[in-house]
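Here is how the chains run, residue by residue.
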Amino acid sequence: MSFDIHVHPWTRSFMKRNGPIMKACGFFKLGVETLPTSTAQLIEEMDECGVAKAVILGQDTHATPNPKFSNYTLKNDDVASIAGASHDRLIAFAGIDPNAGPDALRELRRAVKELGCRGLKIHSSANSVYPNDERKMGRIYEFCQERGVPILFHTGTTGLGDCDVKYSKPEFLDEVCQRYPDLKVVMAHFGWPWADVTLAVALRNPNVFIDVSGWRPRYLPPGIIPYLNGILQERFLFGTDYPMLRQTEWMADFDRSLRPKLKAAVVERLLRRNAERLLSD
Ligand SMILES: [Zn+2]
């Protein structure tokens, strides 16, 4: 049984209201008719291929200067209530907008303490905020470090349109992790095309994890496989980026193209155990 660390609880109607997300559908070459019509469909798809649990990610751009993201917010109350109705299959990560000043931390506190969110998702490009912007991010990092709340950052290029990739370069997270050494960080999509930088950040900072979401296993750059199979085997996380890539497709591709190249213990760590460790205590 496996644990998908990177799922967006998006439905077709939500996606159609968002220009940047529709551009991502073009990037991933997805037909609108294939998109999920309800969040209930997610659990059905997980059941089809043995995915026991998934992290569902919130997102908040309500104070962001970029008007293209005005329909992009998913309320933490809604994400938490989807997780709450899932019989422990789904785990909510909150979204906050770092542009909102003290309200951002207030909302994060509420999401963690009252709504039961277990982590935070930041998409620096959607929010037009650099991760090393201490004025906007410092208090958020302090809170997450103190409470053991992991932060999953989008890193590297993005399929989302109408935003700048420069905010999501993985190099910024080295500075953050050096400044907050106990902060648990997930670098999503291994920061491609800066995968080497992502690996270097993880090698220097023991609380950094890397998710492989958004990529069919057969296309993973060969340069990351020795790290996945070797020195960083306790830090790689399975993730799909659902609904951009579905669990059934990912698993079938994994069984064919990647599983045969990995040690058995590494497969267990990648698919489940590292995610359990990330979310422990
Ligand atoms: Zn994503």
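In short, a report on the structure. Along each chain, numbering runs from 1 in the same order as the chain's sequence is written. Totals for whole chains, interfaces and linings use every residue, but because this is a predicted model, local features are given only for residues with pLDDT of at least 70 and side-chain atom pairs only at 80 or more, for both listing and counting.

## Quick word on the overall build of the protein chain
Looking only at helices and strands, one finds 12 helices and 8 strands in the protein chain. When we talk radius of gyration, it's over C-alpha atoms, and the globule rule is simply 2.2 Å times the number of residues to the 0.38. Computed over the C-alpha atoms, the radius of gyration of the protein chain is 17 Å, within 12% of the 19 Å expected from 2.2 N^0.38 for a compact globule of 281 residues. The principal-axis extent of the C-alpha atoms belonging to the protein chain is close to 50 × 45 × 35 Å. Exposure in this text rests on C-beta crowding, where 20 or more other C-beta atoms within 10 Å of a residue's own make it buried, 12 or fewer make it exposed, and counts in between make it partly exposed. The C-beta atoms are placed from the backbone. With 281 residues in all, the protein chain has 47% of them scored as buried. Here the contact rule is simple: place C-beta atoms from the backbone, and any two residues whose C-beta atoms are within 7 Å are in contact. Across the protein chain, every contact between residues at least 6 apart in sequence was considered, and the portion connecting residues at least 24 apart equals 79%. Where helices and strands are cited, they refer to DSSP runs of H or I of at least four residues and of E of at least two residues respectively, numbered from the N terminus.

## What to know about the pairing of strand S3 (residues 90–95)
Counting buried positions along S3 yields 6 of 6 residues, so the element is predominantly enclosed. Because side chains alternate across S3, one face comprises the buried residues Leu 90, Ala 92 and Ala 94, and the other comprises Ile 91, Phe 93 and Gly 95, equally buried. By the convention used here, strands pair only if DSSP detects at least 2 bridges between them. In the sheet, strand S2 (residues 51–57) pairs with S3 via 4 bridges, with the strands oriented parallel. Paired with Ile 56 across the strands is Ala 92, a residue of S3. Strand direction decides the pairing type here: S3 and strand S4 (residues 119–122), joined by 3 bridges, are parallel. For Phe 93, the partnering residue across the bridge sits in S4 and is Gly 119.

## Details of the environment of Ala 188
Counting through the fold element by element, Ala 188 comes out in strand S6 (residues 185–188). Each C-alpha atom, one on Ala 188 and one on Asp 241, is 9.4 Å from the other, the two residues being 53 residues apart in sequence. Non-local contacts of Ala 188, meaning those with residues more than four positions away in its chain, are made with His 6, Leu 152, Phe 153, His 154, Thr 155, Asp 211, Ser 213 and Gly 239.

## Regarding the sheet that holds strand S8 (residues 236–237)
Spatial strand order, S1-S2-S3-S4-S5-S6-S7-S8: 8 strands in an open sheet with parallel pairing. Of all the strands in the sheet, just strand S1 (2–7) and S8 have a single pairing partner and so form its edges. Here S1 runs beside S2; their pairing, made up of 4 bridges, is parallel. Looking at the pairing, Phe 3 lines up with Lys 53 of S2.

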